[in-house]
Amino acid sequence: MIPAIGVNLKARDNYDRFANLLLASSPTPRVLILGGSILGAGMEPLSVHADIEFVESDVAFGPRTGIILDGHSIPFREESFDGVIAQAVLEHVLDPHKIVEEIHRVLRNGGVIYAETPFMQQVHGGRYDFLRFTHLGHRRLFRRFDEHSSGAVSGTGTALAWSYKYFLMSLSNRRPIRQMLSVLAAFTSFWLKYVDYLTIDRPASLDGASGLYFLGTKSATVLSDSELLEQYRGAIGR
């Protein structure tokens, strides 16, 4: 009964594009999901695709965990997969650059990566929550991949609702009161997420988005930092 304070506006369409890229290169692609103990937002249609084999992995058991593994050292040989998904994962790892190196290693040439990672979002994983990325910071993480698309999945309305929630919870150190303040925040700020429907694709929204995505394919070349800077699409300095 408690309303959600955020919304993911892009995942479903992005997974459609992910599937199209996979199936264009292989009739029966194999996909590794990192952090796959539960079904990710917008993944429902993709998860039941008859032609795609999924290997659902995580560091802990969950309803959908097929294999326990550490993404810093993926126990599969080179070019084992046609696609990799890392949705809401890279903020929870100690070395995201090592994770992406491993993703690059286990993907075949031209293999597809889809990742979603928070930007303007408070700590939600307790002690297992380490990093956030701007749009360009996220793109640099995947500099050994060709970009098909990237941008915000949750916008500034969702980011504001998260900030408001954590502001309220900071008013008390007592856990029961913090839980009540969290519920209060949900009922008084859930409407902010609907602003995202109007602003999600605007440049200024990219500079303050709650979460970002990257969809790309494994490349033999590396995006240089000078090329990276040319890809800034935000509104600062415009």
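Residues numbered from 1 in each chain as written. Predicted model: local features only at pLDDT ≥ 70, side-chain atom pairs only at ≥ 80, totals over all residues. Heavy atoms only, no water.

- As named in an unreviewed UniProt entry, the protein is Methyltransferase type 11 domain-containing protein, taken from Mycolicibacterium helvum.

1. Topic: the overall build of the protein
- On a plain count of helices and strands, the protein comes out with nine helices and seven strands.
- Compactness check: the protein gives a C-alpha radius of gyration of 18 Å against a globular reference of 18 Å for 238 residues, within 12% of the reference.
- For the protein, the spread of C-alpha atoms along the three principal axes comes to 50 × 45 × 30 Å.
- Buried residues in the protein amount to 48% of all 238 residues.
- Long-range contacts, defined as pairs at least 24 residues apart, comprise 79% of the intrachain contacts of the protein with a sequence gap of at least 6.
- About 12100 Å² of surface is accessible on the protein, with carbon and sulfur atoms providing 57% of the total.
- One way to put it: in the protein the 24 positive side-chain charges average out to a point 6 Å from where the 25 negative ones average out. (Helix = DSSP H or I, 4+ residues; strand = E, 2+ residues; numbered from the N terminus. Rg over C-alpha atoms; globule rule 2.2 N^0.38 Å. Buried < 20%, exposed > 50% of the residue type's maximum accessible area, 1.4 Å probe, protein only. Contact = heavy atoms within 4.5 Å. Areas by Shrake-Rupley, 256 points an atom, 1.4 Å probe, with all protein chains shown as cover. Lys, Arg positive; Asp, Glu negative; His and termini not counted. Charge placed at Lys NZ, Arg CZ, Asp CG, Glu CD.)

2. Some thoughts on the nonpolar core
- Counting 24 residues, the largest nonpolar core has L32, L34, V84, I103, I113, F142 and F145 as the members making the most contacts within it.
- Mapped by element, the contributors of at least two residues to this core are strand 1 (30-34), strand 4 (81-87), helix 3 (96-106) and strand 5 (107-118).
- Ranked by residue count, the leading element in this core is helix 3, at four residues.
- With near-sequence residues (within four places) excluded, I103 lies in contact with L34, I74, V84, I113 and F145.
- Counting 16 residues, the second-largest nonpolar core is a separate cluster that includes A11, F18, I85 and V112. (Core = buried A, V, L, I, M, F, W, Y, C linked by side-chain atoms within 4.5 Å.)

3. Remarks on the pattern of salt bridges
- The final tally for this structure, using the stated rule, is eleven salt bridges.
- Notably, a salt bridge pairs R30 with E53, separated by 3.6 Å at the nearest N-O pair. One end of the pair, R30, is in strand 1; the other, E53, is in strand 2 (residues 53-58), and 23 residues separate them in sequence.
- For E53, a relative accessible area of 43% puts it in the partly exposed group.
- Residue R132 is joined to D129 by a salt bridge in which the shortest nitrogen-to-oxygen separation is 2.6 Å.
- By sharing partners, the salt bridges in this structure join E78, E102 and R105 into a single network. (Salt bridge = Lys/Arg side-chain N within 4 Å of Asp/Glu carboxyl O.)

4. Focus on the packing of aromatic side chains
- Applying the stated criterion across every chain, the model contains eight aromatic pairs.
- Arranged with centres 6.1 Å apart and planes meeting at 35°, the rings of Y114 and Y213 form a pair that is tilted. Remark: Y213 occurs in strand 7 (residues 211-218) and Y114 occurs in strand 5; sequence separation between them is 99 residues.
- What makes Y114 buried here is its relative accessible area of 0%.
- The aromatic ring of W162 is capped on one face by K165, whose charged end is 5.9 Å from the ring centroid. (Phe/Tyr/Trp six-rings, centres within 6.5 Å; stacked < 30°, edge-to-face > 60°. Lys NZ or Arg CZ within 6 Å of the ring centre and 35° of its normal.)

5. As for unusual backbone geometry
- A positive phi angle, close to 55°, is found at E79, a residue other than glycine.
- Positive phi values are uncommon outside glycine, yet A88 reaches one of about 55°.

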